[in-house]
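Observations on chain architecture
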Amino acid sequence: MRDRGELYPLKILVAGGFGVGKTTFVRSLSEIPPLLTEQAMTSASIGVDETSAVPDKVTTTVAMDFGRITVDDSLILYLFGTPGQSRFWFMWDELARGSVGAVVLVDLRRVDECFPAIDYFEDRRIPYVIGVNRFPGSEAHSEDDVRDALAINPETPVVWMDAREAGSSLRSLVALVEHALSRTAVAG
Amino acid sequence: MPSDGEVPTPRRAAGRVVPVYAVTGGRTRSAGKELPVEALITVTHSGRHAADLQLEYRTILGLAAAPVSLVEVGAHLQVPVGVARVLVGDLADAGYVAVHLPQVGGDGTPGPEILERLLEGLRARSG
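Residues numbered from 1 in each chain as written. Chains lettered and ligands numbered in written order. Predicted model: local features only at pLDDT ≥ 70, side-chain atom pairs only at ≥ 80, totals over all residues.

Moving on, we get to unusual backbone geometry. At Ala151(A), a residue that is not glycine, the phi angle is positive and equals roughly 50°. Relative to the helices and strands, Ala151(A) resides in the loop between α5 (143-150) and β7 (158-161). Residue Ala151(A) is classed as exposed on the basis of its C-beta count, with 8 C-beta atoms lying within 10 Å. Even without being a glycine, Asp52(B) presents a positive backbone phi close to 60°. If you trace the backbone, Asp52(B) turns up in the loop between α2 (45-48) and α3 (55-63). (Helix = DSSP H or I, 4+ residues; strand = E, 2+ residues; numbered from the N terminus. Buried ≥ 20, exposed ≤ 12 C-beta atoms within 10 Å, placed from the backbone.)

Next up on the list: the interface of chain B and chain A. On the chain A side, the residues contacting the 40 residues of chain B number 39 residues. Those elements that place two or more of their residues in the side of chain B that touches chain A are β1 (40-43), α4 (70-77), α5 (81-93), β3 (97-100) and α6 (112-126) of chain B. Its residues assigned to classes, the side of chain B that touches chain A comprises 20 nonpolar, 14 polar and six charged. (Contact = placed C-beta atoms within 7 Å. Nonpolar A, V, L, I, M, F, W, Y, C, P; charged D, E, K, R; others polar.)

Another aspect to go through is the environment of Ala98(B). Along the polypeptide, Ala98(B) turns up in strand β3. A sequence separation of 51 residues divides Ala98(B) from Gly47(B), and the C-alpha atoms of the two residues are 9.3 Å apart.

Moving on, we come to helix α1 (residues 22-29) of chain A. What α1(A) keeps buried is the set Lys22(A), Phe25(A), Val26(A) and Leu29(A). Take α1(A) and look down its axis: the buried residues cluster within an arc of 95°, on one side only. (Arc of directions from axis to C-beta.)

Moving on to the sheet that holds β1(B). All names here are of chain B. Pairing within the open sheet is antiparallel, and its three strands lie in the order β2-β1-β3. Two strands lie at the open edges of the sheet, namely β2 (68-69) and β3, each paired on one side alone. Of the pairings in the sheet, the one linking β1 to β2 comprises two bridges and is antiparallel in character. Residue pairing across strands places Leu40 opposite Ser69, the latter belonging to β2. (Pairing = 2+ DSSP bridges.)

Time to look at the environment of His100(B). Take His100(B): it is sitting in strand β3. For His100(B), a count of 21 C-beta atoms within 10 Å translates into the label buried. Sequence separation of His100(B) and Ala39(B) is 61 residues, and the distance between their C-alpha atoms is 5.9 Å. Excluding residues that lie within four positions of it along the chain, His100(B) makes contacts with Leu7(A), Tyr8(A), Pro9(A), Ala39(B), Leu40(B) and Thr42(B).

Take the confidence of the model for chain A next. Predicted coordinates in regions of low pLDDT should not be interpreted in detail. Taken as a whole, chain A shows an average pLDDT of 83; of its residues, 79% reach a score of 70 or greater. In the model, residues 42-58 of chain A has pLDDT below 50 throughout and makes twelve contacts with residues more than four positions away in sequence or in other chains. (pLDDT = per-residue confidence, 0-100.)

All names here are of chain A. Across the nine residues of strand β1 (residues 8-16), nine count as buried, placing the element largely inside the fold. Here β1 shows a buried face lined by Tyr8, Leu10, Ile12, Val14 and Gly16 and a second buried face lined by Pro9, Lys11, Leu13 and Ala15. Judged from the seven bridges that link them, β1 and strand β4 (residues 75-81) form a sheet pairing that is parallel. Bridge pairing in β4 links Pro9 to Ile76. Of the strand pairs in this sheet, β1 and strand β5 (residues 101-106) are connected by five bridges, and their pairing is parallel. Note on β5: the bridge partner recorded for Ala15 is Val104.

All names here are of chain B. In this model, α6 (15 residues) spans 21 Å end to end at C-alpha, consistent with the 21 Å of a helix rising 1.5 Å per residue. For α6, the complete set of buried residues consists of Leu115, Leu118 and Leu122. The buried residues of α6 occupy an angular sector of 60° when the element is viewed end-on, so they sit on one face. With respect to the buried face of α6, the exposed residues turned more than 90 degrees away are Glu113 and Ala124. Looking one or two residues past α6, Gly127 carries a phi angle of roughly 65°, positive in sign. (Expected span 1.5 Å × (residues − 1).)

As C-alpha cells, then:
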C-alpha cells in the first residue's frame, strides 16, 4: 500500500514554566507557520476548582503549540511546547510517549517554575537537557550555581541559549539528541 | 462550539457546513490503533483518485500530497486532534492514505540508529 519509501516522525518536547520562552523556541526553529491545535480535555482532567461549577462530561480544549523541522528525506521532527501547568500532565503523557526527549527551559529568576517539568522527566527516565534561556542577569550565574539550584544529576547537560535565535535553539536540540544517544549506549 | 469570548479566534475552516461531530458520526475514536500525534500520512495512489468524498476527507488527502502529521491535519482543519485521528483512521481504513508510525524499540523510545540520523541532520543544519 505504500507509495513511498521509509518515512519516520520524531518528536521533542519543549517544557518549562509559564512565559519562559517555549513558544519562542518552537517558532524560532519551525519551518511551518505557527499553528495551534486543540486537544480535548474532559472534566476529569481539570482540577476540582474548575469543575465545581460545571456539569459532568464538559469538554474544553487547550491549545497546543507545535513546530516542524524536516531533518532529511525520511525524518521529520516535531517540536511540542508543553503546557506548563500540572493539570495538563495527562497531555504530557501522550506527547512524551515515544519522544526523543525534552528541552526544559529555565528562567534563572524563577527557577522553581521548572521543577515540575524536571520531576516529570526524571520520574519517567526521559532524557532532557536544561536550556538556560537568556534573560537579564542569566550570564552572572555559573553552571555550578545552576546545577545546585536545580539539583539535577551530573549527566544532565546544561546549555545557555537564546530561544529567539534559531542557531541557539538548534544547539540545545543537538545537545539533547547527543544526551539521548549516550543513554541508549549505556542501556544497550 | 466555541464560546463567543474565546480569543484568539483561529481562521474559520473554509466551507464547513456541518459540525465536525456530524462528519465523524459522533465517534471520537477510530476503530484502529490509536495513532500518535506525530504519525505521518501520505496519500496513496487510490487516494489520489478517490471520488465523492466529504470536504474534510478531500482536504486531508490534499494535505497528504506531501508528508503531514496528525497534529498538522488537526490544526489545518481546526478540529481537535481526536477528531483528526478519526478522520485519518477512516482514510487509512479505506486505503486512501498510508500511515507512517514512529520507529521505536522495545522500550518505546527511538533507537540509536534513528537518533544518529537525527543528530547528523541537526548538526548539518547548525553549520
